[in-house]
Amino acid sequence: MSTEFNERLSDSLGHQAQIWIVGTREQVNHIISEMYVKEMITDRSQFSPMIPAPAQGKFMSVLLR
């Protein structure tokens, strides 16, 4: 990972496990929906709002467990 990307990571999350999804807007939405259908998550709102990722044209969302 780049230094800029590492600086964006928050230390305030403590020891919570995280699942990061990075891809196109459609890919991220599809994976979140797939996780909901397969009952890996109980609500899509468990993911953070989708934000632009450091890579051009990519988006990301984070699930805190």
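Rules used in this analysis
Each chain carries its own residue numbering, running from 1 in the written order of its sequence. In view of the model being predicted, local features appear only for residues whose pLDDT reaches at least 70, and side-chain atom pairs are presented and counted only at 80 or more, with totals across whole chains, interfaces and linings using the full set of residues. As a rule here, side-chain values cover all heavy atoms of the structure and leave hydrogens and water aside. Under the DSSP-based scheme used, a helix requires at least four consecutive residues in state H or I and a strand at least two consecutive residues in state E, with every element numbered from the N terminus. When a residue's accessible area, from a 1.4 Å probe over protein chains only, is under 20% of the maximum for its type it is buried; when over 50% it is exposed; and in between it is partly exposed. Residues are treated as being in contact if the distance between any of their heavy atoms lies within 4.5 Å. The method behind every accessible area is Shrake-Rupley, applied with a 1.4 Å probe, and residues are considered shielded solely by the protein chains displayed. Pairing between two strands requires that DSSP report at least two bridges joining them. Inter-axis angles, ranging from 0 to 180 degrees, are taken between N-to-C directions of lines fitted to C-alpha atoms, where helices are fitted over the stretch in contact.

## Here we look at the overall build of the protein chain
Here comes step 1: The helix and strand tally for the protein chain stands at two helices and three strands.
Here comes step 2: In sequence order, the protein chain lays out its α and β elements as α-β-α-β-β.
Here comes step 3: Sorting the 65 residues of the protein chain into buried and exposed places 22% on the buried side.
Here comes step 4: Restricting to contacts in the protein chain with at least 6 residues of sequence separation, those with at least 24 account for 50%.
Here comes step 5: By element, 53% of the accessible surface of the protein chain is carried by carbon and sulfur atoms, the whole surface being about 5000 Å².

## Some remarks on the sheet that holds strand 3 (residues 59-64)
Here comes step 1: Strand order in this open sheet of three strands is 1-3-2, and the pairing throughout is antiparallel. Only two strands of the sheet have a single neighbouring strand rather than two, namely strand 1 (18-23) and strand 2 (51-52).
Here comes step 2: Bridge analysis of strand 1 against strand 3 gives six bridges, and the strand direction is antiparallel. Paired with V22 across the bridge in strand 3 is M60.
Here comes step 3: Set on the sheet, helix 2 (residues 25-37) makes contact with strand 1 and strand 3; between it and strand 1 the angle comes to about 140°.

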